[in-house]
Amino acid sequence: MKPSLVWVACLVVTAALIERMSEGGLEMPPFPYSILNLFLFLLIILAVYVWSPLAPVKQWLLKPVTSLVAITCFLGIIIVGGFFYQLPPPSQSEWSKWGVFHMTQSWPFTTMVFLLMAILFLVVLNRWQDRSPRIIAINICHAGLFVIFAAMAFGSGDFTRAKMTVYQSHATHRAFSEKGAWIETPFSLKLNQFFLEEYPPKIVLATHDMKPVGRVFPEIRLGGVYTVKEWEIAVQEYVQYGIPQLDSYVSSMQEGAHPAAYVRITSKENTASVEGWIASGSSRFSPKSLDLGLYRLILSLPEPKQFLTKLFFQTDHGRVSGEADVKVNQPLKLKGWMIYQFDYDHDKKAWSQSNELELIRDPWQSIVYTGIGLLVIGGIMALLLTRFSRKGAQI
């Protein structure tokens, strides 16, 4: 075990030193170079398998202890990466120069993936002539793992994540990638309508510099009676969307309308009471609070519950068009891209005229699913073979 541990440790240390000198992580090339690199890797492993001068390398890779050490190092790298927030390279911190903030794009991680791929491919080649059901099941599992690792290693260059801002005024077909470059999408998007559903605002007791007093605040509702410290608060009127009019608030769907409530506040100590309007405020209207001496009673800004974006899209140079909805956790799939709701105009809220979408393209995803399918098939076969062999032994 010691020689294998030394060799794998040398690989990891060398990869870490390369990572430190490069200071930018390992970026795999996109299609078609990703496919060419995959074929080149397969040719190298085939050469190791059939060329006699490389037989010592083949024997070392096929040792079970080498697999055990490689898997342990690979899991160790993943665990180390789990302690750090992962960011796209490059980053200016010293730790990032060693790859800990972009572990899956680091040289040590990629080196271990290549080593495990080489081991898996050689194991399958070494047993491919064995037609026993048990070995076939194991080979299928190994092939599934190889496919997953191959998609992870060579497909990362084809993975694209970008942000697109869509507008009601015009359609757009350009997005800004996380690598800082503009990309053209095979479709154009236009914002048709935006729907925002919010939770009721909360009644908050705060100091005069607007620092909340306490941690738990009740959501407001019409007719509700709440006790906050020595105050009893009764909600007599509530307007979900309102605008100020003279000394009151009226219901309105005008841009900037916000929650407002007429409350009566009674002190439990001296039965003194105060009543009036409190309002959350918005980008167009100021908030309103009630003075309670040492404190003020305010109405918090409502938090978003869910939001829906209605889009108009065009593909194939305008020959195909349609409408689609995008919600949180309910993306739209279009021309190989997954389109997610990302953000909206927090000043205009329900009257937002522009929204931000996240676009993700991963053409190797189906290959990963294929690998997972092979793992499942091989696992089921191994399980059934084990069960049948036990029954046969009992008979």
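Predicted model only: the values in this text are computed from it and were never measured.

### Remarks on helix α3 (residues 55-62)
So, step 1. Within α3, burial applies to Lys58, Trp60 and Leu61. Considered in projection along α3, the buried side chains sweep an arc of 165° and stay on one side of the axis. Summarising the geometry of α3, the exposed residues directed more than 90 degrees from the buried face are Pro56 and Gln59.
So, step 2. On the buried face of α3, the contacting elements are α1 (2-22), α2 (33-50), α4 (64-82) and α5 (107-127).

### Structural notes on the packing of aromatic side chains
So, step 1. Counted by the stated rule, this structure contains 14 aromatic pairs.
So, step 2. On the basis of an interplanar angle of 25° and a centroid distance of 5.4 Å, the ring pair of Phe121 and Phe146 is categorised as stacked. With a gap of 25 residues between them, Phe121 in helix α5 and Phe146 in helix α6 (residues 133-154) connect regions that are remote in the sequence.
So, step 3. What makes Phe121 buried here is its relative accessible area of 18%.

### Regarding the nonpolar core
So, step 1. Among the nonpolar cores identified, the biggest contains 37 residues, and Phe41, Leu115, Met117, Phe146 and Phe154 are the most heavily contacted of them.
So, step 2. The set of elements that each furnish at least two residues to this core consists of α2, α3, α4, α5 and α6.
So, step 3. In terms of residues, this core owes the most to one element, α5, which gives 13 residues.
So, step 4. Discounting chain neighbours no more than four positions away, the residues touching Phe154 are Met28, Pro29, Ser34, Asn37, Leu38, Phe41, Phe114, Met117 and Trp364.

### A closer look at the side chain of Asn139
So, step 1. Here Asn139 is to be found in helix α6.
So, step 2. By relative accessible area, which is 11% here, Asn139 ends up buried.
So, step 3. When residues no more than four places from it in sequence are discounted, the contact partners of Asn139 are Val123, Val124, Arg127 and Trp128.

### A word on the pairing of strand β3 (residues 182-198)
So, step 1. Bridge count between strand β2 (residues 172-177) and β3: four bridges; the pairing is antiparallel. Directly across from Ala175, in β3, lies its bridge partner Ile183.
So, step 2. A loop of four residues connects β2 with β3, the two strands running antiparallel in sequence, and Gly180 in this loop sits at a positive phi of about 85°.
So, step 3. As judged from the 11 bridges shared by β3 and strand β12 (residues 304-315), these two strands associate in the antiparallel manner.

### Describing the pattern of salt bridges
So, step 1. Here the structure, examined in full by the defined rule, presents 11 salt bridges.
So, step 2. In this structure, the salt-bridge partner of Glu358 is Arg161, at a minimum N-O distance of 3.3 Å. With a gap of 197 residues between them, Glu358 in strand β16 (residues 354-361) and Arg161 in strand β1 (residues 160-167) connect regions that are remote in the sequence.
So, step 3. The class for Arg161 is partly exposed, based on a relative accessible area of 27%.
So, step 4. Taking the shortest distance from any N to any O, the salt bridge between Glu358 and Lys163 comes out at 3.5 Å. Remark: Lys163 occurs in strand β1 and Glu358 occurs in strand β16; sequence separation between them is 195 residues.
So, step 5. Of the residues examined, Lys163 reaches a relative accessible area of 26% and is grouped as partly exposed.
So, step 6. In the salt-bridge network here, residues are joined through shared partners; they are Arg161, Lys163, Glu178 and Glu358.

### Things to note about the side chain of Ser352
So, step 1. Structurally, Ser352 can be placed in the loop between β15 (337-344) and β16.
So, step 2. Within the local environment of Ser352, its side chain forms a polar contact with the side chain of Asn355, the two groups lying 3.2 Å apart.

### Some points on the sheet that holds β12
Sheet strands pair via backbone hydrogen bonds, and the direction of the pair is either parallel or antiparallel.
So, step 1. Across the sheet, which stays open at both edges, the eight strands sit in the order β13-β12-β3-β2-β1-β16-β15-β14 with antiparallel pairing between neighbours. Only two strands of the sheet have a single partner each, and these edge strands are β13 (320-327) and β14 (332-334). Sheet twist, expressed as the mean angle between neighbouring strand axes with direction ignored, is 40°.
So, step 2. Two elements, β14 and β15, share three bridges in a ladder whose sense is antiparallel. Bridging across to β15, Lys333 finds its partner in Met338.

### Quick word on the sheet that holds strand β10 (residues 290-291)
So, step 1. With antiparallel pairing, three strands are arranged side by side in an open sheet as β4-β11-β10. Of all strands in the sheet, those bounded by a partner on one side alone are β4 (203-206) and β10.
So, step 2. Examined bridge by bridge, β4 and strand β11 (residues 296-299) share four bridges and lie antiparallel to one another. Within β11, the position partnered with Val204 by the bridge is Ile298.

Conventions used here
- Residues numbered from 1 in each chain as written.
- Predicted model: local features only at pLDDT ≥ 70, side-chain atom pairs only at ≥ 80, totals over all residues.
- Heavy atoms only, no water.
- Buried < 20%, exposed > 50% of the residue type's maximum accessible area, 1.4 Å probe, protein only.
- Helix = DSSP H or I, 4+ residues; strand = E, 2+ residues; numbered from the N terminus.
- Arc of directions from axis to C-beta.
- Contact = heavy atoms within 4.5 Å.
- Phe/Tyr/Trp six-rings, centres within 6.5 Å; stacked < 30°, edge-to-face > 60°.
- Core = buried A, V, L, I, M, F, W, Y, C linked by side-chain atoms within 4.5 Å.
- Pairing = 2+ DSSP bridges.
- Salt bridge = Lys/Arg side-chain N within 4 Å of Asp/Glu carboxyl O.
- Polar contact = N/O pair within 3.5 Å; in protein donor to acceptor, adjacent residues only side chain to side chain.
- Axes fitted to C-alpha atoms, helices over the stretch in contact; angles between N-to-C directions.

None of this, on its own, says anything about what the molecule does.
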